[in-house]
Amino acid sequence: MLNATRTFGLLRLVAVSVVVLSGCTVQPPLPDDGYVNVVGGRVAFRVIGNARKTQATPLLVIHGGPGGNTCASALTLADIAARRPVIVYDQLGSGYSERINDLDTLARLPRFASEVTAIRNELGLDEIHLLGGSWGTAVAIEYLVTTEQTGVKSVTLVGPFVSAKQWLRDTDTLVARLSATSQQAIREAIANNDYSTPQFAAANDEFMRTFVTRNGVSQALRSECARTPPGDSGLYEYMWGPSEFIANGTLKNLDLRDRLHELNLPVLFIIGEHDEARPDTVREYQRQIAGSQLAILPDAGHSSLTDRPELFNRTLNDFLSKIDAGDK
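Nothing here was measured: the structure is a model prediction, and the numbers come from that model.

What counts, and at which threshold
- Residues numbered from 1 in each chain as written.
- Predicted model: local features only at pLDDT ≥ 70, side-chain atom pairs only at ≥ 80, totals over all residues.
- Heavy atoms only, no water.
- Core = buried A, V, L, I, M, F, W, Y, C linked by side-chain atoms within 4.5 Å.
- Buried < 20%, exposed > 50% of the residue type's maximum accessible area, 1.4 Å probe, protein only.
- Helix = DSSP H or I, 4+ residues; strand = E, 2+ residues; numbered from the N terminus.
- pLDDT = per-residue confidence, 0-100.
- Contact = heavy atoms within 4.5 Å.
- Pairing = 2+ DSSP bridges.
- Axes fitted to C-alpha atoms, helices over the stretch in contact; angles between N-to-C directions.

With that settled, the discussion passes to the nonpolar core. Within the largest apolar cluster, 58 residues are counted, with the highest numbers of intra-cluster contacts made by Leu130, Trp135, Phe161 and Trp240. The dominant element in this core, judged by the number of residues it contributes, is helix H5 (residues 135-146), at eight residues.

This is the structure we're talking about:
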């Protein structure tokens, strides 16, 4: 459930207000950045791009993890942000947001979904497009099927994490495609509960460059993310486990497959050709949502946005533009 991430500049606390002129209610432009109070603390957000004053519906982005952040968004979503406001935020426990002081109480999927409500309320986002990446897709689905679909014009699910057991089955399938040396190192790490060996590090690197980020990371993106507080690894291990290859955390029984049919809005799946969220699996998810679409980006892994940014942006822009134009 790994995903690329993004940096915030100097953050300031902002209050979003409604201005009343001559009896008319006017929504002011979105702020550039700030904090929003959520259950358990404050989360940091940022609006990127030069299209804040346009009439195009904003895109709200939910990053992966758990414990990732949004450091990649300004560079990788630039073409989207040129046409509409793009709101990114670090989930509680991640990036520039406050850390979680009670994992047992706060590191729960419904609480992460409630952050979307808080951000929409604070920023006055009556209408949005929603995008979730990897773990962020579970947050998006949970929000939509348990809280609110009103005003959400579409949802894009990137490298979707829908079922923990299915994720592990797919991961096992992909591990079987690695070198025999890497397969053995991963088996030994799981058996010994020891992920600190050089052999496992080499096997994990092979998995990542084959199925996660196939085309490397640019120096600009490395520099951007180097300035961002790192993701909270304790949160990842608490909710998922010690590595991508085993789930023994609180998400080990997560399964949202039976709720996919409740998504009564335009849905786009985006995956890489070599994604951890395997194409065969995502096609099954797509079949459960009437009218949903699937885009498979060639020569891309799980981090399809960083592997194929131009194609990703073009695919997403086409989808969002058609919806905004009423072509559903």
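Quick look at the confidence of the model for the protein chain now. Mean pLDDT for the protein chain: 88, with 88% of residues reaching 70 or above. Within the model, the stretch residues 2-27 combines pLDDT values under 50 with 84 contacts to residues more than four positions away or in other chains.

Following the sequence through the fold, Arg169 ends up in helix H6 (residues 164-175). In this structure the C-alpha to C-alpha distance between Arg169 and Phe245, which are 76 residues apart in sequence, comes to 9.6 Å.

Within the open sheet, the eight strands sit side by side as S3-S4-S6-S5-S7-S8-S9-S10. Their pairing is mixed. For this open sheet the edge positions go to strand S3 (33-38) and strand S10 (293-297), each flanked by a neighbour on one side alone. For this sheet, the mean angle separating the axes of adjacent strands, direction not counted, is 25°. Note that strand S5 (residues 59-62) and strand S7 (residues 128-133) share four bridges and pair parallel. Across the sheet, Val61 pairs through a bridge with Leu131, a residue of S7. Each of S3, strand S4 (41-48), S5, strand S6 (86-89), S7 and strand S8 (152-158) touches helix H4 (residues 109-123); the most contacted strand, S3, lies at about 125° to it.

Right, let's get into unusual backbone geometry. Here the bond from Gly65 into Pro66 is cis, since omega is -5°, no more than 30 degrees from zero. Here Pro66 shows up in the loop between S5 and helix H1 (73-76). Positioned with a positive phi, Asp299 is a non-glycine residue whose angle comes to about 55°. The class of Asp299 is partly exposed, set by a relative accessible area of 35%.

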